[in-house]
Amino acid sequence: MKKLLALVLAAAMVLSLAACSNSSNSDSGSGSGQQQTEAPDSGSTDTETDPGAGSDSGSEDAVTSDSPAYPNCNEDGSINLDTIGHYDPYYDYTQNERYKVIYIADASGSLYQEAAAAYEQWCSLMNLEWMGFNSSEGDNDRYLTLLQQALDSGYDIFILDPDSTTWASVTAVLNDYPDIAWMPMMSPARDNSEGEGVPVGGNLLHPSAGFDHYNAGWEQMEKLFQWMEETYPDADWSEVGCMSMDYSIVPVLHQREIANADYWAQNAPAEAQGNFFQADCAASGISVQAGIDVAGPIISTNDQIKYWLVSGNVDDWAQGAATAIESAGLGETSCITTFGGTALQSQWDAGTQNCWRYSLSTAEALYAEPLLGACYAYLQGWATPDTIW
């Protein structure tokens, strides 16, 4: 079986005090690609980085005539398969062919835009030609068309984010092009099979670096409970509700909701056990409007709830849920977290602080680096999908 990077880059929560996929069958290491920052009014930042990555990735002056034989090689100059896919500021990338890179996703929200910017940055450091970012905007047929056009254009490296239910179709196309290199990003390439011993989402079709989605859901709930206990320690928990924004048709994303439900069942008082609500956006998609449309009716039909704790799970849904809660006049007594955080940072930059208070934040620049580096290693013949990491 192919090996999967257990990428542990950094983990924690983004705080706003003013207002508030490892081995062959696993999606990821715990908290991969995550970064801890405080809200804009605190002024402090705490970031941990993968020890396998280059420690000075922004330094172009580091490359000298004494460039090592391979990026992050062993002391004897041989290839280290655990680190060959990471950027090495001392390696001279200009001595190799300049490959063309494209990123194709099925959505174009802030998280995807941030990822595209990260790939463009890494391309400049690794002497790669950035060909841009394309989105099918949720149209699976359009996605396959964009992919085929890029293949026909002779591009070399493909970072792919299709609807996770269409990986079989995508990989069927890619299998006809053995000379290109590709990696999935937001979700691992799995075959959607089920059965005893089969991991969530099915068996891997290709190596992937990713997240522990269950852990992401659990950590969001920990932050919600912390906020509730610190802000309203004397609240009547019969008036406290929890809403989990879900995407039940995608198993890896659904793991976040499962974790939300498990945490509530194990930690909420008895009088609140009936106040957990699954806000399934499977029929509405991943958008701010979907968050509004799904969260709104839950809020309006449960007017006994005075305090809402919402695990947004995706930026767009968190933003939509916040709109619905604020419209209901419950913003002050409610708290929303999410997994991602790019849109929350943009919201803070614009001066907006509401009931969307926290994010378990993914650092796209750190997440993108090993994906691009792995593809580079494939094309150079330094590693294969079976041997990388």
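Residues numbered from 1 in each chain as written. Predicted model: local features only at pLDDT ≥ 70, side-chain atom pairs only at ≥ 80, totals over all residues. Heavy atoms only, no water.

1. Some thoughts on the overall build of the chain
Filter applied, for reference: Each helix is a run of DSSP H or I of at least 4 residues and each strand a run of E of at least 2, with the numbering of both proceeding from the N terminus. A 1.4 Å probe rolled over the protein chains alone gives each residue an accessible area, and that area as a share of the maximum for its type sets the label: buried under 20%, exposed over 50%, partly exposed in between. Each accessible area value is a Shrake-Rupley result obtained with a 1.4 Å probe; residue values ignore everything except the protein chains displayed when judging cover.
Within the chain one finds nine helices and 12 strands. Buried positions account for 56% of the 389 residues belonging to the chain. For the chain, the computed accessible surface area is about 15500 Å², with 43% contributed by carbon and sulfur atoms.

2. Examining the packing of helix 2 (residues 140–152) against helix 3 (residues 167–174)
Selection rule: The angle between two axes is taken between their N-to-C directions and runs from 0 to 180 degrees, where each axis is a line fitted to C-alpha atoms and a helix contributes only its stretch in contact. Any angle that is under 35 degrees is reported as roughly parallel, and any over 145 degrees as roughly antiparallel; angles of 65 to 115 degrees are reported as roughly perpendicular and all others as oblique. In this scheme the handedness of a crossing depends on how the near helix is turned from the far one: anticlockwise by less than a right angle means left-handed, clockwise means right-handed. What makes two residues a contact is simply this: any of their non-hydrogen atoms within 4.5 Å. Each residue is assigned to one of three groups, with Ala, Val, Leu, Ile, Met, Phe, Trp, Tyr, Cys and Pro labelled nonpolar, Asp, Glu, Lys and Arg labelled charged, and all others, Gly among them, labelled polar.
Two elements in contact, helix 2 and helix 3, have axes whose closest approach is 11 Å; the angle formed by their N-to-C orientations is 15 degrees. Classified by the angle their axes make, helix 2 and helix 3 are roughly parallel. Viewed along their axes, helix 2 and helix 3 form a crossing whose handedness is right-handed. Packed against helix 2, whose contacting residues are Tyr143, Leu144, Leu147, Gln148 and Leu151, the element helix 3 presents Ser169, Val170, Val173 and Leu174 at the interface. Residue composition of the contact of helix 2 with helix 3, grouped by class: seven nonpolar, two polar and no charged.

3. Focus on the nonpolar core
Applied cut-off: Here, the term nonpolar core denotes a set of buried Ala, Val, Leu, Ile, Met, Phe, Trp, Tyr and Cys residues that are joined through side-chain atoms within 4.5 Å.
Core analysis: the largest hydrophobic core is formed by 45 residues, its most contacted members being Tyr103, Tyr119, Leu128, Ile159, Met185 and Leu372. Going through the elements one at a time, strand 3 (100–105), helix 1 (110–125), strand 5 (157–161), strand 6 (181–184) and helix 9 (364–380) are the ones with two or more residues in this core. Once you skip the residues sitting within four places of it in the chain, Ile159 turns out to touch Ile102, Tyr103, Ile104, Tyr119, Met183, Met185, Leu371 and Cys375. One finds Phe277, Ala290, Ala318 and Leu344 within the second-largest nonpolar core, a separate group that totals 31 residues.

4. Here's the deal with helix 6 (residues 288–300)
Quick note on the threshold: Helix span, expected: 1.5 Å multiplied by one less than the number of residues in the helix. Arc, as used here, means the arc of the directions from the helix axis to the C-beta atoms.
With 13 residues, helix 6 ought to run about 18 Å at 1.5 Å a step, and its terminal C-alpha atoms sit 18 Å apart, in line with that. Those residues of helix 6 that fall on the buried side of the exposure criterion are Ala290, Gly291, Val294, Ala295, Ile298 and Ile299. For helix 6, the buried positions fall inside an angular range of 140 degrees around the axis, keeping them on one side. Residues of helix 6 that are buried sit in contact with strand 7 (240–246), strand 8 (276–280), strand 9 (307–311) and helix 7 (315–327).

5. Structural notes on the confidence of the model for the chain
The criterion, for reference: Confidence of the predictor at the level of single residues is captured by pLDDT, which takes values from 0 to 100.
On average, residues of the chain carry a pLDDT of 84, and 83% of them reach 70 or more. The model gives residues 1–64 a pLDDT under 50, and that stretch makes 196 contacts with residues more than four places away or in other chains.

6. Structural notes on the pairing of strand 5
Put simply, the rule reads: By this definition, two strands are paired if DSSP reports at least two bridges between them.
Counting buried residues in strand 5 gives five out of five residues, a clear majority hidden from the surface. Every second residue of strand 5 is oriented toward a common face, with Ile157, Ile159 and Asp161 on one face and Phe158 and Leu160 on the other, all of them buried. By the bridge criterion, five bridges tie strand 3 to strand 5 in an arrangement that is parallel. Residue pairing across strands places Tyr103 opposite Ile159, the latter belonging to strand 5.

7. A short note on the sheet that holds strand 8
Here we have four strands laid out as an open sheet, ordered 8-7-9-10, and parallel in their pairing. Because the sheet does not close on itself, it has two edges, and the strands there are strand 8 and strand 10 (335–337). The mean angle between the axes of side-by-side strands here comes to 15 degrees, regardless of whether they run parallel or antiparallel. When strand 7 meets strand 9, the two strands line up parallel, connected through five bridges. Bridging across to strand 9, Ser244 finds its partner in Ser311. Strand contacts of helix 4 (residues 213–231): strand 7, strand 9 and strand 10, with the helix running at about 160 degrees to strand 9, the strand carrying the most contacts. Packing against the sheet, helix 7 makes contact with strand 7, strand 9 and strand 10, and its axis sits at approximately 170 degrees to strand 10.

8. Quick word on the side chain of Asn260
Mapped onto the elements of the fold, Asn260 is located in helix 5 (residues 251–267). Other than its neighbours up to four places away in sequence, Asn260 contacts Gly217, Met221, Ser244, Phe276, Ser311 and Asn313.

9. Brief notes about the pairing of strand 9
When you tally the buried positions in strand 9, you get five out of five residues, the bulk of the element. Of the two faces of strand 9, the one carrying Tyr307, Leu309 and Ser311 and the one carrying Trp308 and Val310 are both buried. Two strands pair when backbone bridges link them, and strand 9 and strand 10 are joined in this way by three bridges, in the parallel orientation. Its bridge partner lying in strand 10, Val310 is registered against Ile336.

10. Here we look at unusual backbone geometry
For residues besides glycine, phi is generally negative; the peptide bonds are generally trans as well. Despite not being glycine, Asn313 has its phi angle at roughly 65 degrees, a positive value. Structurally, Asn313 is set in the loop between strand 9 and helix 7. Even without glycine at this site, Trp389 takes up a positive phi of about 65 degrees. Summarising the element assignment, Trp389 is placed in the segment after helix 9.

11. Considerations on helix 3
Buried residues of helix 3: Trp167, Val170, Thr171 and Leu174, and no others. Down the axis of helix 3, the smallest arc covering the buried residues is 95 degrees, so these residues share one side. Next to the buried residues of helix 3 lie helix 2, strand 5 and strand 6.

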